[in-house]
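# Structural overview
Letter by letter, the chains look like this.
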Amino acid sequence: KDVVKSREYFAKAVELGNANAMYWLGYCYHEGIDCEPSIEKTLELLQRAADMKHPGAIFYLAMLYRNGVGAPVDYGVLSDTFPFIIAIKPFFLQKKMLRYLKKGVEVEDTQCMRCLADIYYHGTDGVEVDYPLALQYYHQVFIISQRKST
């Protein structure tokens, strides 16, 4: 009962333009909480919240893209005939993921900063190792964490 009521309240708050409700309703659609899972609704709601600079939505979108969500479904069908298609999908999603992580840095989201720092430190997700940039992001996380703790 509580979950049903929560979703109803989130839906009403979304209509009023509440970014936090967009984030949580997007989460519900992603996880199928009291609804049919829908990646389209998930992405739409999280995108709207991210456009309103909701840090959680920004990070959630980045991680969805990192995990392959939002890619055209038919890429795998063509991979037998055109093997190079497989390389396009990750590049397409990596760019989106990095764009959202950098957007998260703009709103001082430490999760996004820490993720970018790890990516540049280890050279993952199609990014070359860049220790100075990784250190810069780690330092920002430290500064913001110190500021929040005082």
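Anyway, here's the lowdown on the structure attached to this text. Quick caveat, the model's predicted, so the values are computed rather than measured. (Residues numbered from 1 in each chain as written. Predicted model: local features only at pLDDT ≥ 70, side-chain atom pairs only at ≥ 80, totals over all residues. Heavy atoms only, no water.)

Glancing now at the pattern of salt bridges. On inspection of all chains with the given rule, the structure shows six salt bridges. The shortest N-O distance in the salt bridge between Lys5 and Glu8 comes to 3.7 Å. Separated by three residues within a single helix, Lys5 and Glu8 lie in helix H1 (residues 2-15), roughly one turn from each other. (Salt bridge = Lys/Arg side-chain N within 4 Å of Asp/Glu carboxyl O. Helix = DSSP H or I, 4+ residues; strand = E, 2+ residues; numbered from the N terminus.)

Under the defined criterion, the tally for this structure stands at seven aromatic pairs. Their ring planes at 70 degrees and their centres at 6.1 Å tell us that Tyr23 and Tyr60 sit as a pair that is edge-to-face. Note that Tyr23 is positioned in helix H2 (residues 19-31) and Tyr60 in helix H4 (residues 55-66), a separation of 37 residues in sequence. Comparing Tyr23 with Tyr60, the two get one shared label, buried. Aromatic pair Tyr121 and Tyr131: ring centres 5.2 Å apart, planes at 65 degrees, arrangement edge-to-face. Of this pair, Tyr121 sits in helix H7 (residues 110-122) while Tyr131 is found in helix H8 (residues 131-149), placing the two residues 10 residues apart along the sequence. Looking at Tyr121, the relative accessible area reads 40%, which means it is partly exposed. Three or more aromatic residues joined by ring pairs form one cluster here, namely Tyr23, Trp24, Tyr27 and Tyr60. It is Arg7 that lies over the ring of Tyr29; its NZ or CZ is 5.2 Å from the centre. (Phe/Tyr/Trp six-rings, centres within 6.5 Å; stacked < 30°, edge-to-face > 60°. Buried < 20%, exposed > 50% of the residue type's maximum accessible area, 1.4 Å probe, protein only. Lys NZ or Arg CZ within 6 Å of the ring centre and 35° of its normal.)

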